[in-house]
Amino acid sequence: MPYFSYTKRYDQYKLMTGKDLLYKYLDYQYLWSSPNRINDKPSQIRLKQLEALLEAFGLTKKYVNPLIQIKYSILGEKEKLSRSQHLNKLTNVQYFEQSEFLYDREYKENNEVANRALNKIKELYKKPPESRISRPVDIKWMFNNLLNFRKNVFKITYPWGGMLEGFSVGLIYSEHLQSNLKKIITDNIEEIDDTLWLIIDPKKRNFDLETMKSEFNYPDVDLDNIDLEWRIENY
């Protein structure tokens, strides 16, 4: 199995931000959240790290605003669910990835990203409809759309992990050509990541590793060694 430790380089820094949370989520969601891996040690540790970051940035169900009342029409459900019924079915990771946290945040906290969006639309379109730009920017829709796109990009750009069996010149050359395009994409993803970061944490906070460990039970481990042991046992 091609493999590359995507998250290790972020753990070595002393300060963790909402962007680190994003990368932890992408790595966990793509590589370790499948039913055949969720009980494996690398998956379990990544999930604990992700949940610790979600808690640090106030993005768990612990911070749900009980005054927010929404009805959900769920496919297959005969009756609409109340918000409490809907949230009871979600994990903290699902609460995050479904952007439920934005319902529990005052809109004004998103002013910076909303203004960025409005200014760009005014730049792109000479006369955007006033009825449209006078409305609040749908940050939830923006987040959902960008996060889904980012997951697809992560999948496409995930690095090839090593020598292919049989040393196929044709296949190796193919991988080389693909890596050139992957680099172009990853070199131009910063604006998207920064926008997602701003939605995740408009305050742009950071937490040092010691705080993450002591206050949020963040597992400080060597993922490279854990992943290596897992690969040896499973391949």
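Check the entry above for the structure.
Residues numbered from 1 in each chain as written. Predicted model: local features only at pLDDT ≥ 70, side-chain atom pairs only at ≥ 80, totals over all residues. Heavy atoms only, no water.

1. A few points about the overall build of the protein
Working step 1: Broken down by element type, the protein carries 12 helices and four strands.
Working step 2: Counting only C-alpha atoms and orienting by the principal axes, one finds that the protein spans roughly 60 × 45 × 45 Å.
Working step 3: Relative to its 235 residues, the protein shows a buried fraction of 41%.
Working step 4: A separation of at least 24 residues holds for 72% of the contacts in the protein among residues at least 6 apart in sequence.
Working step 5: With an accessible surface of roughly 14,500 Å², the protein has 52% of that area assigned to carbon and sulfur atoms.
Working step 6: Measuring between centres, the 36 positive side-chain charges of the protein sit 6 Å from its 34 negative side-chain charges. (Helix = DSSP H or I, 4+ residues; strand = E, 2+ residues; numbered from the N terminus. Buried < 20%, exposed > 50% of the residue type's maximum accessible area, 1.4 Å probe, protein only. Contact = heavy atoms within 4.5 Å. Areas by Shrake-Rupley, 256 points an atom, 1.4 Å probe, with all protein chains shown as cover. Lys, Arg positive; Asp, Glu negative; His and termini not counted. Charge placed at Lys NZ, Arg CZ, Asp CG, Glu CD.)

2. Points about the pattern of salt bridges
Working step 1: Within the structure shown, the criterion is met by 14 salt bridges.
Working step 2: With a shortest N-O distance of 2.8 Å, Arg205 and Asp201 are connected by a salt bridge.
Working step 3: We classify Arg205 as partly exposed; its relative accessible area is 29%. (Salt bridge = Lys/Arg side-chain N within 4 Å of Asp/Glu carboxyl O.)

3. Topic: unusual backbone geometry
Working step 1: Despite not being glycine, Ser99 shows a phi value in the positive range, around 55 degrees.
Working step 2: Structurally, Ser99 can be placed in the loop between helix H5 (92-97) and helix H6 (111-124).
Working step 3: Judged by relative accessible area, Ser99 falls into the buried class, the value being 0%.

4. Quick look at the side chain of Asp20
Working step 1: Its location among the elements puts Asp20 in helix H2 (residues 18-32).
Working step 2: Although Asp20 lies buried, it forms no salt bridge, and the closest oppositely charged side chain, Lys24, sits 8.1 Å away as judged by the N-O distance.
Working step 3: A distance of 2.6 Å separates a polar side-chain atom of Asp20 from the backbone nitrogen of Thr17. (Polar contact = N/O pair within 3.5 Å; in protein donor to acceptor, adjacent residues only side chain to side chain.)

5. With respect to the packing of helix H3 (residues 41-56) against helix H12 (residues 223-234)
Working step 1: Running from N to C, H3 and H12 cross one another at 150 degrees; their axes reach a closest spacing of 9 Å. When the interaxial angle is binned, H3 and H12 end up roughly antiparallel. Side by side, H3 and H12 meet where Lys41, Pro42, Ile45, Arg46 and Gln49 of the first sit next to Leu223, Ile226, Asp227 and Trp230 of the second.
Working step 2: Class assignment of the residues belonging to the contact of H3 with H12 gives a composition of five nonpolar, one polar and three charged. (Axes fitted to C-alpha atoms, helices over the stretch in contact; angles between N-to-C directions. Parallel < 35°, antiparallel > 145°, perpendicular 65-115°, else oblique. Nonpolar A, V, L, I, M, F, W, Y, C, P; charged D, E, K, R; others polar.)

6. Description of the packing of aromatic side chains
Working step 1: Under the definition given, this model contains 10 aromatic pairs.
Working step 2: Ring geometry for Phe154 versus Tyr158: centroids 5.7 Å apart, planes at 50 degrees, classification tilted.
Working step 3: Connected via pairs of aromatic rings, a cluster forms that spans Tyr25, Phe96, Phe101 and Phe143.
Working step 4: For Arg37, the ring lying beneath its charged end belongs to Trp32, and the centroid distance is 5.3 Å.
Working step 5: Its guanidinium or amino end placed over the ring of Trp197, Lys204 lies 4.1 Å from that ring's centre, counting from NZ or CZ. (Phe/Tyr/Trp six-rings, centres within 6.5 Å; stacked < 30°, edge-to-face > 60°. Lys NZ or Arg CZ within 6 Å of the ring centre and 35° of its normal.)

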